[in-house]
Amino acid sequence: MEQVKCFIPETLEEALRIRRETGATVLAGGSDLMVANSIGAGVTPAFKGDVLIITNLKELKGIRALPDGSVEIGACTTSAEIARSPIAPELLKDAASRMGAIALRNSATIGGNIGNASPKGDMPQPLILMDAEVVLTSVDGERRMLVDDYIIATKKTALREDEIITKVIIPKQDFTHIFFRKIGMRRANAISKLTLSAAATVRDGVVVDFRASSGAAGPKVARSRKAEELLIGKKVSELHTCKEEFLDAWNAVISPHAMPEYRRNTTRRMLAFFIDALEAGHAPGRVDIQE
């Protein structure tokens, strides 16, 4: 059996060189990869190739506000750090704060959660709603693309063999109303059965922006810009006239597999609740379902 090499670079430049030369699997927090390669309790995981550990790279840590109002998050920033950040968008903080157990949130990174490309991943769901971009870096330079384009399908991404996810850029958000809901088998430490984010911007009684995204509802996070357009430009007092058309259009993005009726019906009820709250004149801020 061929021995697997483990590289622990001290700089991003060194990491990119190793990635180009060896094609080693990139590991940050390891919360997904260690499980995926596990062969039993108490046994060293069986990686099929070399491993590049980037956990300690300072260049990939931190959350920064940029001059244009966008937020930059280093790929090795943990979900716990995002959850307590004063400048991270609220929808992303909601997702990060509900991601597994406390120990996992202190190790799992935003780059790893995106790179794992699981439809049940917590952070890609609000990132796709917010039109966030992922920055992919290689020895040759950087390229940027929407997280929605980067994640192609379950466990399939647009990452090239010599690239590393280095940061996430979230455009400035000016939503007046937001909604987030995660459904699992229990309130804490649960893998998502279904998640939903929704956001709207209402000005002078008119919906000038409306977005929604749903996780664990198909091979990747579901979002329908075509459906969103049905509500944009409408007066909030008239939302009831196009609500059913919007909800019917949204049904088309929910996978026909894996409890489709449950996912469709639950998502429909949550979206209807959010739309009804807007029409009822809900105060700006978070819209919550009272239990």
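Placed above this text is the structure.
Everything in this summary refers to the structure shown in the same document. (Residues numbered from 1 in each chain as written. Predicted model: local features only at pLDDT ≥ 70, side-chain atom pairs only at ≥ 80, totals over all residues. Heavy atoms only, no water.)

### What to know about unusual backbone geometry
Item 1. A positive phi angle, near 60°, is found at Asp 131, a position not held by glycine.
Item 2. Phi is positive for Lys 155, close to 60°, though the residue is something other than glycine.
Item 3. Tracing the backbone through its elements, the reader meets Lys 155 in the loop between strand E8 (151-153) and strand E9 (156-157). (Helix = DSSP H or I, 4+ residues; strand = E, 2+ residues; numbered from the N terminus.)

### Quick look at the pattern of salt bridges
Item 1. Throughout the structure, instances matching the rule amount to 23 salt bridges.
Item 2. Among the charged side chains, a salt-bridge network with shared partners connects Asp 131, Asp 148, Asp 209, Arg 211, Lys 220, Arg 223, Arg 225 and Glu 228. (Salt bridge = Lys/Arg side-chain N within 4 Å of Asp/Glu carboxyl O.)

### Digging into helix H10 (residues 243-251)
Item 1. Three or more residues of H10 are buried, namely Lys 243, Phe 246, Leu 247 and Trp 250. The arc that holds the buried residues of H10, viewed along the axis, is 95°, so those residues lie on one side. (Buried < 20%, exposed > 50% of the residue type's maximum accessible area, 1.4 Å probe, protein only. Arc of directions from axis to C-beta.)

### A short note on the sheet that holds strand E3 (residues 51-53)
Item 1. Read from one edge to the other, the open sheet built from three strands follows the order E1-E3-E2, with strand pairing classed as parallel. The strands lining the two open edges of the sheet, one partner per strand, are strand E1 (6-7) and strand E2 (25-27).
Item 2. Sheet topology note: the E2/E3 ladder contains three bridges and is parallel. Across the sheet, the residue bridging to Thr 25 is Val 51, located in E3. (Pairing = 2+ DSSP bridges.)

Interpretation note: all reported values are geometric properties and have no functional meaning in isolation.
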